[in-house]
Amino acid sequence: LHLQYKKRIQRIMRLLIRFWLIMILTCAVGFAMGMSDRFPGSVWNFILNACLIKSSYVGAFWFVQTYTILALLSGVFYKIVKKYSCWMVLIFSLMLYAAAFGIEYVVLGKIDNEALVLCVNAVMLFLRSQFSFVIGMILAKDDFVDSSRLLMRIRKSQVLPWIVLIIVIMVRVVFRHM
């Protein structure tokens, strides 16, 4: 278990090094273009971005914080998926996923403190992302992807993958607008 955790940390560090390089290049280009008020902005803003607390430099990297948290907790997720019924884990994970939208709708818009907004946003993104993570872990645990005839038919069909994708998008839209 310790070796697996060490490998996870190494993968995260490789990602973070690339993230930090892109962040520094973004700040350098912004500074060179006369946008020093935003890139890097204040030292505090730079530190918050470097520590993954804020993602105001490169919007495409919003996922790095969530990925890091999921990767660090993947051992815990694995133990839970292994110990409990996949249906129970899936239902609980779906409830957390739905709670993320409730947090966004009820709580996030009413907070004036930036530090609290950043924390709530991180929790919300984690709760949204954990559902997909848990589904993937359950499918991997039961070797469902490799052995399922239904999934093989879906993959080979020219229409079914699009139907599944549309259903997933519709479910996400419904949850997003609740």
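Residues numbered from 1 in each chain as written. Predicted model: local features only at pLDDT ≥ 70, side-chain atom pairs only at ≥ 80, totals over all residues. Heavy atoms only, no water.

Undergrad: Looking at this structure, I do not really get the side chain of T66. What am I missing?
TA: Inspection of the secondary structure assignment puts T66 in helix α3 (residues 63–83). Non-local contacts of T66, meaning those with residues more than four positions away in its chain, are made with L125, F126 and S129. (Helix = DSSP H or I, 4+ residues; strand = E, 2+ residues; numbered from the N terminus. Contact = heavy atoms within 4.5 Å.)

Undergrad: For this particular structure, what's the right way to read the environment of F39?
TA: Secondary-structure assignment places F39 in the loop between α1 (2–32) and α2 (43–50). Between the C-alpha atom of F39 and that of M23, which follows or precedes it by 16 residues, the distance is 9.3 Å. Setting aside anything within four residues of it in sequence, one finds F39 in contact with T26, C27, G30, F31, S56 and Y57.

Undergrad: What exactly am I supposed to notice about the packing of α1 against α3 here?
TA: Think of two packed helices as two axes; the pair is described by the angle between the axes and how far apart they sit. One can describe the packing of α1 onto α3 by two numbers: an axis separation of 9 Å at closest approach and a directional angle of 170 degrees. As far as their axial angle goes, α3 and α1 are roughly antiparallel. Contact with α1, carried on its side by Y5, R8, I9, I12, L15, L16 and F19, involves V64, Y67, T68, A71, L72, S74 and G75 of α3 and no other residues of that element. A breakdown of the residues in the contact of α1 with α3 according to their chemical character gives 10 nonpolar, three polar and one charged. (Axes fitted to C-alpha atoms, helices over the stretch in contact; angles between N-to-C directions. Parallel < 35°, antiparallel > 145°, perpendicular 65-115°, else oblique. Nonpolar A, V, L, I, M, F, W, Y, C, P; charged D, E, K, R; others polar.)

Undergrad: Any chance you could explain the packing of aromatic side chains here in plain terms?
TA: Each aromatic ring pair is characterised by the separation of its centres together with the angle its planes make. For the structure on display, the rule yields five aromatic pairs. Taking 5.1 Å as the distance between ring centres and 35 degrees as the angle between the ring planes, the aromatic pair formed by Y97 and F131 counts as tilted. One end of the pair, Y97, is in helix α4 (residues 86–107); the other, F131, is in helix α5 (residues 114–141), and 34 residues separate them in sequence. Y97 sits in the buried class, given a relative accessible area of 4%. Here F131 falls in the buried class, since its relative accessible area comes to 16%. Counting every residue linked through ring pairs, the aromatic cluster contains F77, F126 and F133. (Phe/Tyr/Trp six-rings, centres within 6.5 Å; stacked < 30°, edge-to-face > 60°. Buried < 20%, exposed > 50% of the residue type's maximum accessible area, 1.4 Å probe, protein only.)

Undergrad: What should I look at first to understand the pattern of salt bridges in this one?
TA: Think of it this way: side chains of opposite charge can pair up when their charged atoms draw near. For the structure shown, the criterion picks out two salt bridges. A salt bridge links K54 to E114, with the nearest nitrogen and oxygen atoms 3.0 Å apart. Highlighted residues: K54 in the loop between α2 and α3 and E114 in helix α5, separated in sequence by 60 residues. Note on E114: relative accessible area 45%, which makes it partly exposed. Put simply, E104 and R128 hold a salt bridge, and the shortest N to O gap is 2.3 Å. Taken together, the residues E104 in helix α4 and R128 in helix α5 connect sequence positions 24 residues apart. Taking the relative accessible area as the measure of exposure, R128 reaches 10% and is therefore buried. (Salt bridge = Lys/Arg side-chain N within 4 Å of Asp/Glu carboxyl O.)

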